[in-house]
Every structure is written in C-alpha cells, then in structure tokens.
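Coordinates in review
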Amino acid sequence: YIVATALVPLMTSYAAGAASTIETNLGSFGNRSADVLTDGKDVVFGALETFVTARGIDCNLLTRNVCVSVDDGVDDSSSGSKNIVDNDVDFNVTNDGTSSPLLSGAYTPVSNVDDFIKLTEFLSAIEESATVEEGQSFYTKSEGSLSLKTVLPGRHKTHERTNPILNIYMYGLWTSEDGENENIGLSSKVFDNKELELFWDTIVSDELGKDSGYNALLTAETIRVVIMWISVTSYLYESIYDCREGSQPTTTHPVDAAAALWFGNHISSDISDGASLFAWAKRSENNFEDQSSTVNDEMVDRLNSLQESYEFCKAELNKQELSNKMRYDVDAIVRVMTIPLVQYFIVHLSAQSGIMGDSQTEDEVDYMILYALSVLPLISICDEEVFGKLYTELVTGARSYDPLKFSEILKTLQDRYPCLGLSCSDIGISVLSVSTDEVPCQDPASNPGIVGYEPTYGTSFEMSKIDLDVSTILSLVLMEAHDLAIDIYKYGRNAKKEDSISYTAIQDLSNPKSQIVTNIYDRFINDGVDYTRVTEASILGVDEFKSLSPLRKSAAASLSIVTIDLHLAILDAMYQGIDVCNQEGTDANRHWDEAVALFAGWAEGVQERGSDSDGYLMFNIAQQICQRFDTCDENDNSPVNGIIIQKFSNGQDFLEQLQCDDALNSAKEIEKLIESILIDNLTYRSMTASSSFDQTSFLLAHITATAL
C-alpha cells in the first residue's frame, strides 16, 4: 500500500489507466485489506509494464522483470478484471494516454475521455434512428462503462453531494404539480410517479413511450438537454470538490469529461450541424441577435481556464482558496450554459403561440414542454408561486395552452433573469419572430429601488440577492444535500462582490466589523453558549436538529439565518456607515444601502409594499406577523416595515449631509424596531406551540428565542 501510494501519482501523467489499476488493487488499506490484488498479480504486473514502457524505463534495470509475462504457478483465473456499473462507480477509461484535442485543438484533454466523446455519436445515431427500439438501443448502448442512460446516474451519489444544479432540478420537480411532496423523507420523494432521483430517465422514458409515436429528433433533443446538459454541470462541480478535498482522480479529469460532453466529436466551430451540445448552442445562437457574447466562445475560454486551475490545484497548498475561485468560475460556466436553454424555451414558446408564422411543427408542443421542464425548475428557488403557475400552464396543461398568454409569460421569465444570473443582453433578441408587439426585454436599472427605498449606490442590488442564497439553502436542506447547503452558507452563490470574482457569503456577513455590533456579537458567544452555532447545526441537521424531518430542518435554517446572521449583518452595515460618516468619508451610504438590501432582499421587488408572496428576509417576517395578528394597515402592509423603511430613508439623508449623530439615532431606532419583529414572532410561535403542541412551532420559537 505504501509503495503503491508513493508510485501512483507519478504514474498518472504517463499511464492513467495503469495508475488506476494499481490504485484499485493496492491503493486502499484497512477496511478493504481483504480485497488487495482484487484483479490478481498478473494484472498488476501488466499495469507496471505499461507504465515502464510509457516512462521509458529500461527493463534491465528492474530486479524483477515486469516487461514479460510471469507465471509462478499460482492460479489467478478467478480474479478477472471487473467492469461493473453501480450507483457510484468512477468511469475509468481503459486506454492509456490522453484523448486527442477537441474542436480542432480548441481544448486539449489531459486524460482519456474517449468514452465521453463517443456518447455524442450515440446521440447522432438516435437522431437517425427509424424506430423506438433502435433509439432505445442507442440510449442504453455502452462505450466502456458509459452509456447515455448511465452517464449521470453512475456518479449520482457523488453529484448529489457536489452539484447544486442537480438538486435544484430535483427540488423544482418535486414541488411541481407532477411531484408528490406531502411526505418529507428522501425515500418517498417522487416525480411523475417514479423515484425523484432518476427524474432524467423518467423524462426520457416518457418521450420514448408517448402515445403520439416516436420522434427521433425530439428524443435526441430530450437526452441532450436533460441528461448531457446536466451531466456537464455535474462534472464541473465535481472538479471543485476534488480540488478542495485533494482527491483528484488518477483517470478521468472531471473538467475534461465536461468538455468532452460539451464538444463531443464536433470539429469545426463554424458549423452548427451535429448532435453535440456545442452544435446545439451554435444553432440557438443563430436564432438570436444583439447578444453580449457568444456562448461557445465563452465555453472554450472558461473550460480551458478551469482545466488550468484544476491542474494547478494538485500542487496548491491553499486548496480552499483555489476551490473557492473554481466555484465562482463553475457557476459562471453554468450560467453561460443556461443561455441556450432560455433561448430555446423562448423559440418554442413563440412557435406554440403562433409568433413565428408558419414555423410550427406537429411536435412543437412537446418541444415547449421539454424546455419548460429544463428552465422552470431553475427559477423555483426564487419564485415558487410563478414556477408552479408556469409549470401548470406549460407542462401539465400544455395541450390547452392559451397563445394569448405569450407576452405575459415572456415578461414573467424576463423579470427573473437576475435569478438565473442572466441579463437581457445575454439572451439577445429572437430573429425568428414575425410579431411586431413582442415584449421588449429590459434589465433592472443599475441602481433599482428596494421596497420603496432608493439606494445611493448600485452595489445594494447585488447584496439584495443574498435572499437567493437563503432560498437555495432552504431547497438544498429539503433535498438533504447538507454539504452543498453549508457550502453556500460559507462561500455564497448569488450575491457577487464588486471584484466580480467572488461572492458575499452569509457566514462572513455575520462576523461584524463595527465596534457596536462586535459588542453585540460577543453577547452571542461569550456567555458559555455559542448562539451563532444554531445556523450551521440546523443546515447540517446535527445536534438538536438531528432527528427532525428535512422540512423542519429547512424551516429552522431559514429562520436562523435571517434572525441571527443577517440580523447582525443589518446592524453591522448600518453602524459601519456611521463609522465612515464620523471619519467624514463620502461613501457612508454604501454600507447603509446594503443594510436595506439585507433587510428586504431581491425577491420583494422595488414597490413599497414588497411582494405578496415572495421574500425570505426580515421584511417578510414582519409582513407575516401582521397578517397572523391582523395588524396590517389598510393596504395589508406591515406598519413596522413602513416605519423601518422610512427610518432608513431618513438615515440616508443624514449620512448624505454628514449629520452623523442623527444617522446614529436612526440606526438605534431601526435596531429596536427589528427587535420588535423578533418579539412578535416569538409571541406568535409561543402561542401556537402552547395551544397545539406543534413541534414545528416549538422549533421556530426556539430559533427566535436564540436570536433574541
């Protein structure tokens, strides 16, 4: 084992398959000690011979000559080489060396990904197939250990732990009209009457078996969009996990795998024909104009950069810092990949609505359903009500879709581009439409309002998207993806910093910089009990939250983030602004604006009353409280919210005029008003807990008491 551990890293660059064989047979000790030499000594000697040849080592220098077959009389016939696909197998390639450059040299793999490239050929064969049986055969056909059907589920257990996109899809589909989410254990999660974890195969199988008959092109498109697209994201996110944990594989490089799935066997960047995701994105690009950048150009540049980072990580000591950068880069790649999904969704929605003249096809409604299934779950984390409504109209009710709703649906989608990390210029303008009254897309103002408050600086817009992190964490805890949820808590995902290479993280926000809030923070941690630990414990489902259902864990995590972490962050941003004011600085309102953003969030919108149903932060808690106690004003708004926003506006004016003492008084008043929200929330939870002995009410009362 020790010698194999010393040798395998050296073998990887010259003979990756041989290194994998050595690692499989000799690379583990302890819990697998009985399985040493699983494949037999001759297989191990053969792997050593491969490395010796590839490295150019003189066989005569070796004490035992592994360059020829050796038979010492031991029968190894029962120890054959294994080729098993289970729920978490690593797809090792069998050929040594690296694959040829992809896309005529645009990307050069450092590992062998031929099996992944072959999947695009299978997809092309499905496009040309004549019968459902022929299409099914290519769907399940294997190249090595890979098939179109197994490329995603073969690594599912790893990808559930590392890929937020996969979990967001699962969450959206589980909460959809086709999901069954009354039960809250993972084993009972269902989509379309089948196991939620295999939703991609469910969607493909539904397409293969639909009553209207087999459509080879639509089947291939379904596999490309549902399986191959998500598989690319899975391997990209796996690279982050490998870097952070120091567990880079000795065979297939995950970034190479993602690149092979995207480029496939495509050769020319100028050609849009073909079955690859590259060609698919190229065709979509041809249907739109005035885009800010080209998807495939971005993919080439970003995949090469990520490959460099991944290789560098092998020797990097500070793997956490580099993996954080990789996380930001991977999120950016996934947002670029989302552009064609949205474009195709618009194209097929337009066609089904008669916006594209005579371009409709018999299967257009099925294409619309496919892209609704691909796009809508991604917005489920920022607007569940809109997600549910559109899912009903465009998926379960697609056969009776009303074309007159096209403009309304398109506008609804466009308004949620920021949730997807996209802008109008990312998507561009469709050149296929024959309509003169199609909805023009407008990005939010560079400095949009927040529930009636007009920020001084535009940085508050990005900070307001911290509520999307809260929503995502809630969704991931429900999917029992606790490690992913804690990653977003620690490192962020939606609120970009001004440097545009990292995120604002909730955990960092709760560590105060102003002296006033540092003193408050000390009260949370210096009395023998660390009250701030409640957030991480509820996200991870440990300690007092260990035996709770996923639903209750997510409720606890969400409330804890808002009432403890972001509560402290709101106060700290205000008092940082006042510190700047006292130093006669000119950007005190930058901090003050961020306090408002942390109080209300992005989902509440720009209107004074906020959103009727969205929202995850303190503003939303106050709104819920007034509804529960019947204390809302005549417009059904929380009076406390109205007072707080007015105090924020007053403080903004004071800071602008360097009236620091007056701004300090505004901050102290806001601090007390927020405490009044917590008191009301604790009162409500205590009342419901004492009257119904409901565990959830006890739990949420515990969280609020901890915050208070």
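Refer to the structure printed above.
This section reports on the structure supplied with the text. (Residues numbered from 1 in each chain as written. Predicted model: local features only at pLDDT ≥ 70, side-chain atom pairs only at ≥ 80, totals over all residues. Heavy atoms only, no water.)

**Brief notes about the overall build of the protein**
A tally of helices and strands in the protein yields 30 helices and seven strands. Going through the 708 residues of the protein one by one, you find that 56% of them count as buried. Restricting the contact set of the protein to residue pairs at least 6 apart, pairs at least 24 apart contribute 69%. Per element, the accessible surface of the protein, about 29300 Å² overall, is 48% carbon and sulfur. (Helix = DSSP H or I, 4+ residues; strand = E, 2+ residues; numbered from the N terminus. Buried < 20%, exposed > 50% of the residue type's maximum accessible area, 1.4 Å probe, protein only. Contact = heavy atoms within 4.5 Å. Areas by Shrake-Rupley, 256 points an atom, 1.4 Å probe, with all protein chains shown as cover.)

**Description of the sheet that holds strand 4 (residues 190-191)**
The strand order across the open sheet built from three strands is 3-4-5, with neighbouring strands paired in antiparallel fashion. Only two strands of the sheet have a single partner each, and these edge strands are strand 3 (179-180) and strand 5 (194-195). Here two bridges tie strand 4 to strand 5, and the two strands are oriented antiparallel to one another. Bridge pairing in strand 5 links Val190 to Glu195. (Pairing = 2+ DSSP bridges.)

**What about the packing of aromatic side chains?**
Given two aromatic rings, one states the distance between the centres and the angle between the planes to describe the pair. By the definition in use, this model includes 16 aromatic pairs. Residues Phe263 and Phe278 carry aromatic rings whose centres are separated by 5.9 Å and whose planes lie at 45 degrees to one another, so their mutual orientation is tilted. A residue pair is termed long-range when its members are at least 10 positions apart, and Phe263 in helix 10 (residues 254-263) and Phe278 in helix 11 (residues 277-285) qualify at 15 residues. Across this residue pair, the class does not change: Phe263 and Phe278 are buried. Where Phe629 meets Tyr684, the ring centres are 6.0 Å apart and the plane angle is 85 degrees; that geometry is what we call edge-to-face. With Phe629 in the loop between helix 27 (618-628) and helix 28 (639-656) and Tyr684 in helix 29 (residues 660-692), this residue pair connects regions lying 55 residues apart in the sequence. Given the relative accessible area of 27%, Phe629 is considered partly exposed. (Phe/Tyr/Trp six-rings, centres within 6.5 Å; stacked < 30°, edge-to-face > 60°.)

**Observations regarding the nonpolar core**
In terms of nonpolar packing, the biggest core is built from 123 residues, with Phe199, Trp229, Trp262, Phe263 and Trp280 touching the most fellow members. For Phe263, the residues in contact, after removing those within four places along its chain, are Leu102, Leu103, Tyr107, Ser276, Phe278, Val300 and Leu303. By size, the runner-up hydrophobic cluster in this structure holds 76 residues, among which are Leu476, Trp592, Phe599 and Leu699. (Core = buried A, V, L, I, M, F, W, Y, C linked by side-chain atoms within 4.5 Å.)

**Overview of helix 21 (residues 482-491)**
Along helix 21, eight of the ten residues are buried, which leaves the element largely enclosed by surrounding structure. Residues of helix 21 that are buried include every one of His482, Leu484, Ala485, Ile486, Asp487, Ile488, Tyr489 and Tyr491, and no others. Count one or two residues on from helix 21 and you reach Gly492, which has phi positive near 80 degrees.

**Points about the environment of Leu568**
Looking at the secondary structure, you find Leu568 in helix 25 (residues 550-582). Residue Leu568 is classed as buried on the basis of its relative accessible area of 3%. C-alpha separation for the pair Leu568 and Asn511, spaced 57 residues apart in sequence, amounts to 8.0 Å. For Leu568, the residues in contact, after removing those within four places along its chain, are Ser510, Val517, Ile520, Tyr521 and Phe524.

**A few points about a nonpolar patch on the surface**
Together, Tyr1, Ile2 and Val3 make up an exposed nonpolar region whose accessible area comes to about 350 Å². Its location among the elements puts Tyr1 in the segment before helix 1 (2-12). (Patch = residues over 30% accessible without salt bridge, like charges linked within 9 Å, V, L, I, M, F, W, Y side chains within 5 Å. Salt bridge = Lys/Arg side-chain N within 4 Å of Asp/Glu carboxyl O.)

**Quick look at the packing of helix 25 against helix 30 (residues 695-707)**
One way to put it is that helix 25 packs onto helix 30 with a least axis distance of 9 Å and a crossing angle of 20 degrees. In terms of their interaxial angle, helix 25 and helix 30 are classed as roughly parallel. When the axes of helix 25 and helix 30 are compared, the crossing they make is right-handed. On helix 30, the residues touching Arg552, Ala555, Ala556, Leu559, Ser560, Thr563 and Ile564 of helix 25 are Gln695, Thr696, Leu699, Leu700, Ile703, Thr704, Thr706 and Ala707. Tallied by class, residues from the contact of helix 25 with helix 30 come to eight nonpolar, six polar and one charged. (Axes fitted to C-alpha atoms, helices over the stretch in contact; angles between N-to-C directions. Parallel < 35°, antiparallel > 145°, perpendicular 65-115°, else oblique. Left-handed = near helix turned anticlockwise from the far one by under 90°. Nonpolar A, V, L, I, M, F, W, Y, C, P; charged D, E, K, R; others polar.)

**Remarks on the pattern of salt bridges**
Counting across every chain of the model gives 23 salt bridges. Asp487 serves as the salt-bridge partner of Arg244, at 2.8 Å between the closest nitrogen and oxygen. With Arg244 in helix 9 (residues 216-245) and Asp487 in helix 21, this residue pair connects regions lying 243 residues apart in the sequence. Judged by relative accessible area, Asp487 falls into the buried class, the value being 12%. Here the salt bridges share partners, and the residues they tie into one network are Glu207, Lys210, Asp366 and Arg399.

**A short note on the side chain of Glu393**
Position of Glu393 among the secondary structure elements: in helix 15 (residues 384-396). Under the relative-accessibility criterion, Glu393 is labelled buried at 15%. For Glu393, the side chain forms a polar contact with the side chain of Lys405, separated by 3.1 Å. (Polar contact = N/O pair within 3.5 Å; in protein donor to acceptor, adjacent residues only side chain to side chain.)

**Some remarks on the state of the cysteines**
The full count for this structure, using the stated rule, is five disulfides. At a sulfur-sulfur separation of 2.0 Å, the disulfide partner of Cys581 is Cys660. Linking Cys581 and Cys660, the disulfide has an S-S dihedral of approximately -85 degrees and is accordingly described as left-handed. Pair noted here: Cys581 is in helix 25 and Cys660 is in helix 29, with a separation of 79 residues, a long-range link. Here Cys581 and Cys660 have matching classes, each one buried. (Disulfide = S-S within 2.5 Å.)

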